[in-house]
Each structure stands twice: as C-alpha cells, then as structure tokens.
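Report on the structure
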Amino acid sequence: MPEQGSLDQAFASVYRGKRILVTGHTGFKGGWLCLWLRKLGAEVTGIALHRPPQGPDLFHTVDLGGLVDHRIADIRDAGAYARACEGLEPDLVFHLAAQALVRPSYDDPVETFATNVTGTAVVLDAVRRMKSVRGVVVVTSDKCYENREWEWPYRETDELGGADPYSASKGCTELVAAAFRRSYFSDPAGCQIATVRAGNVIGGGDNSLDRLLPDVVRATIAGTAVTIRNPASVRPWQHVLEPLAGYLMLGARLLGEGAPRFAEAWNFGPSAQGFIDVEEIARHFQRAWGPGVAQIAFGRRTDDPHEAGMLTLDSSKAQARLGWRPRLSTEEAVTMTAEWYRAFARGNTRMRAFSEAQIARYSHGNAGSTTELTEGEAARCA
C-alpha cells in the first residue's frame, strides 16, 4: 500500500486518462467509486437502472449524472445492456450493479437471482466482445460464504453458500465469475477477472431501506424514533472508502504487469475492532450525531426472516499481497458518516465538494482526525 498521504497520487498515476466502466453507478458504493475515479482523472461511464431522487442518496446529492457518461440499462436484459455499451472501449470494468439487500431478497427471490446471477453473466458476456478491456472487478459480498456462525473470520478459500436468497445469489455470482474466468478469460495476455468481498459498508449517501444507519438518519430527519432489529448480530463494519481503496488497488494490478496473479477472490474487511454488534454501531452513531438524533429502540419481531448472527472477514491476503489495510477506526468511520448526513440535513448546497473533501482527507490519512467540514471549507476543497 502507498505510504500514508499518497493514495490519490498513487492512484492518479494509474487511472488518469483511463476509460472506466462502472455498473451500478447510481447506487451507494458505485457512486462513491465514480466520484473517486473522476477525482483521479479517469473517464467514467456508468450503466445502471434509473434511480428517482429520494432523500440523501449520493447520486443525486452530488449530481453524479453530470460528472460521468450516465447510461440507463437493466443488466438482466442482454439486448438493452449491449445497446448501452455501444461505442464504449473501457480499459477496466467495475461491476457493482446488484440487488444488494437481504430482506428484499426474501420478498422477491427471483428478481434477486436474476439481477445478481444472470445480470453478472450478461455483464461478463458483454466484456467478451470488448477487446479493449484489460480487467474486471466483480463486487460480491461477505455474505457469499456458507455461514457456519463460527467465531473466526472467513478466508477466500472457505466454502461458498447462503441460507437466504441474497447470500446464495452472491455465492452464485462468485461461481459465474469463476466460470467465465476459466472459460473465456484464461489467456495470461488477455482480460483478467477478480472478485471482491467486503463487509457492511457505511458512509454518507446511502438511502437504502432496512439498512441500519440510513434508517436512523431518516428517523432523525423526520423527528421520529426508530426500532432496530437484531441488536446482538455481529458484522464487519467499515466506511465505504475502505473497500473502495482496495478495489482501486486491485484494479491497478489488473491494469499492470503480472495481472493474472491477481485474477482471483479478495476480502476487504475492517480490522478486528470493527467486528461489533448492531447496537454498538448504532450507539456510536448517536454519539457522533449529537443532540437531535433519533431515539433508538432495539427488538426483533418473531416473524422476521433469518439473518446471520455472526459474520467476519479475514483480509490478511489483501494486506500481504496488495499492501491494503484499513485506515479508519470504527469511531472514525461512524464520525465521517454522521458528518456527511448532518451536512445534508443542514442544507449544505455543495455536497459534491464536501464528499470530495472526505475522499481527500481519507486519501491523505487524516480523515478521522478532523472535525466536520463547513460548507465554505468543502467549497475550497473542490
């Protein structure tokens, strides 16, 4: 990993002027990735479903559609996706488009499998026809593992599986990527495919339903209380910029010499202190927000669908071979998240600059040591 204070500089030397395709750019993680890539000087095209403006979602809040080549297509529709790709000659593809939530997967398992499994096959099949592509990073999930509810973290070689439709679909996504790698992308001189598995990401601009901190933010803005389910469930919590730094490192390797050595699966999880339960992360957020934050009650309905109680990741491979490691403590990650949502709630009109300033501070290794940016400070960072 580059020395502290040099992430943007190191990444810019790789990504400046590169043509990057990001699927799922209207989503939370995809939006932050596009914002960072544009900041690094990359030419970014995004393909995703249309996302109507709704609350503090990153895509609309930072006007990402005006910053990238914004294209609309459903990855389940091979013809529509092919038309959206017309004229593109990307160097690298980041595939993030997905149905990304556990509870909706119980309500509509067919849509979940169609998006996450068939959609991934559609994207990778399109790459076969893009002679310019040198690498693909397929984003799956920590939930792709067959969860034994054991106390030690999962490694990349552990069994894939899933008790719920979402988790199973992510295990299937890994199998699809592996099949395409072996069937179509095995030439050492050709395009290489890697998959990445991260923990529970937090950060500004996530407006998903049934997700812990967005639920707390919505209640805070509305002035209501919120009930949080499964307070004792342990998850690997991390700020969204942490795994994205890993994805960018991996993408850089796929663009460089020796790329075939990196065409495999990678975990990007938090340090051990980031493996904490739902109640503790919620309390962290309440303290970071301060006065006016929503009151939180904890409980579980008897008709709630099953969700894993214990899930942690082993990221030693990424640390040893990529030089990646987490930069933020859990409290710093939560503080950055609260600062973003608080700025939005207070009517900050320069949220793109604010978000870019958070990326800059993270990149320079001092994101967790700063106080909240004012609107003027964010504007000066733009």
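First things first, this report covers the structure right here in the doc. (Residues numbered from 1 in each chain as written. Predicted model: local features only at pLDDT ≥ 70, side-chain atom pairs only at ≥ 80, totals over all residues. Heavy atoms only, no water.)

Structural notes on the overall build of the chain
Helix and strand counts for the chain come out as 14 helices and twelve strands. Whereas a compact globule of 382 residues would reach a radius of gyration of roughly 21 Å, the chain reaches 19 Å, a difference of no more than 12%. Along the first, second and third principal axes, the C-alpha set of the chain runs to 55 × 50 × 40 Å. A buried classification covers 56% of the 382 residues belonging to the chain. Taking contacts inside the chain between residues at least 6 apart in sequence as the whole, the part at least 24 apart equals 79%. Summed over all atoms, the accessible surface of the chain reaches about 15400 Å², with 49% contributed by carbon and sulfur. With 42 positive and 45 negative side-chain charges, the chain shows a spacing of 4 Å between the two charge centroids. (Helix = DSSP H or I, 4+ residues; strand = E, 2+ residues; numbered from the N terminus. Rg over C-alpha atoms; globule rule 2.2 N^0.38 Å. Buried < 20%, exposed > 50% of the residue type's maximum accessible area, 1.4 Å probe, protein only. Contact = heavy atoms within 4.5 Å. Areas by Shrake-Rupley, 256 points an atom, 1.4 Å probe, with all protein chains shown as cover. Lys, Arg positive; Asp, Glu negative; His and termini not counted. Charge placed at Lys NZ, Arg CZ, Asp CG, Glu CD.)

Let's talk about the pairing of strand β4 (residues 92-95)
Covered by surrounding structure in β4 are Leu 92 and Phe 94 together with Val 93 and His 95, the residues of both alternating faces. Judged from the four bridges that link them, strand β1 (residues 19-23) and β4 form a sheet pairing that is parallel. In the sheet register, Ile 20 faces β4, and the bridge partner there is Leu 92. (Pairing = 2+ DSSP bridges.)

As for the nonpolar core
Core analysis: the largest hydrophobic core is formed by 77 residues, its most contacted members being Tyr 15, Trp 32, Trp 36, Leu 37 and Phe 94. It is helix α9 (residues 241-255) that provides the largest number of residues to this core, a total of nine residues. If sequence neighbours within four positions are ignored, Tyr 15 has contacts with Ile 20, Leu 37, Leu 40, Gly 41, Ala 42, Leu 92, Phe 94, Tyr 247, Leu 248, Gly 251, Ala 252 and Leu 255. Within the second largest apolar cluster, 26 residues are counted, among which are Ala 84, Val 93, Val 176 and Phe 185. (Core = buried A, V, L, I, M, F, W, Y, C linked by side-chain atoms within 4.5 Å.)

Topic: unusual backbone geometry
One non-glycine residue, Asp 210, lies in positive phi territory at about 60°. With respect to the element layout, Asp 210 can be found in the loop between β7 (200-202) and α8 (212-222). Even without being glycine, Asn 230 reaches a positive phi, approximately 50°. For Asn 230, the position within the fold is in the loop between β8 (226-229) and β9 (234-239). Taking relative accessible area as the criterion, Asn 230 reaches 9% and is therefore assigned buried.

Topic: the sheet that holds β7
An order of β7-β9-β11 is seen for the three strands of this open sheet, with the pairing classed as mixed. The sheet terminates laterally at β7 and β11 (275-277), the two strands that pair on one side only. On average, each strand axis in the sheet is inclined to that of its neighbour by 50°, with strand direction left out of account. Pairing geometry for β7 and β9, over three bridges, is parallel. Among the inter-strand pairings, Asn 200 is bridged to a residue of β9, identified as Trp 237. (Axes fitted to C-alpha atoms, helices over the stretch in contact; angles between N-to-C directions.)

A look at the pattern of salt bridges
According to the stated counting rule, one finds 18 salt bridges in the structure shown. For the salt bridge of Asp 91 with Arg 19, the shortest nitrogen-to-oxygen distance reads 3.4 Å. In this pair, Asp 91 sits in the loop between α4 (78-84) and β4 while Arg 19 sits in strand β1, placing the two residues 72 residues apart along the sequence. What makes Asp 91 buried here is its relative accessible area of 10%. You can call Arg 19 partly exposed: its relative accessible area is 34%. Asp 125 is the salt-bridge partner of Arg 128, the closest N and O atoms lying 2.7 Å from each other. (Salt bridge = Lys/Arg side-chain N within 4 Å of Asp/Glu carboxyl O.)

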